[in-house]
Amino acid sequence: MAKRPVSPQKISLARGLRHWQTDAERIMWNRLRNLQINGAKFRRQHPIGDYIVDFVSLDKKLIIEIDGGQHNEAENIEKDMQRTKWLEKEGYRVLRFWNKDVLSNAEGVFVVIREALK
């Protein structure tokens, strides 16, 4: 499948998002960076198609999304399902975690990620 070029606006937005991380995203990035989980290389706030994903291992085709409460609203649930469906069609596996789970049970979240990377 031919890859579409990412727009300069999308790249700029992704760079901006890297500076405005939530506490949960900061915890996740501190653990994912520098090949700390099963040697997988992750990128943060990375554009894929029309979307910017929170974290992705391009080699392992694994995306990790950290969701806040706004993702529990009906409109956003539908958008997230469409987004996940599209990303899966592109060959990615998508793991979603709530902010509160990362903040209160980070080790449990990392166990799930390690298993997905096997």
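Residues numbered from 1 in each chain as written. Predicted model: local features only at pLDDT ≥ 70, side-chain atom pairs only at ≥ 80, totals over all residues. Heavy atoms only, no water.

Attention shifts here to the environment of Leu32. Mapped onto the elements, Leu32 comes out in helix 2 (residues 23-32). On the basis of relative accessibility, which here comes to 0%, the residue Leu32 falls in the buried class. C-alpha of Leu32 to C-alpha of Phe55: the two residues are 23 residues apart in sequence and 8.5 Å apart in space. Discounting chain neighbours no more than four positions away, the residues touching Leu32 are Ile37, Ala40, Phe42, Phe55 and Ile64. (Helix = DSSP H or I, 4+ residues; strand = E, 2+ residues; numbered from the N terminus. Buried < 20%, exposed > 50% of the residue type's maximum accessible area, 1.4 Å probe, protein only. Contact = heavy atoms within 4.5 Å.)

Right, let's get into the packing of aromatic side chains. Taken as a whole and assessed by the stated rule, the structure comprises two aromatic pairs. Consider the rings of Trp29 and Phe55, whose centres lie 6.1 Å apart with planes at 15°: the pair is stacked. With Trp29 in helix 2 and Phe55 in strand 2 (residues 51-57), this residue pair connects regions lying 26 residues apart in the sequence. Assigned by exposure class, Trp29 and Phe55 land together as buried. For the pair Tyr51 and Trp86, a centre-to-centre distance of 5.7 Å together with 55° between the ring planes defines the contact as tilted. Of this pair, Tyr51 sits in strand 2 while Trp86 sits in helix 3 (residues 74-89), placing them 35 residues apart in sequence. Assessed through its relative accessible area of 24%, Trp86 is described here as partly exposed. Above the ring of Tyr92, the side-chain terminus of Lys61 is found at 4.1 Å from the ring centroid. (Phe/Tyr/Trp six-rings, centres within 6.5 Å; stacked < 30°, edge-to-face > 60°. Lys NZ or Arg CZ within 6 Å of the ring centre and 35° of its normal.)

Interpretation note: all reported values are geometric properties and have no functional meaning in isolation.
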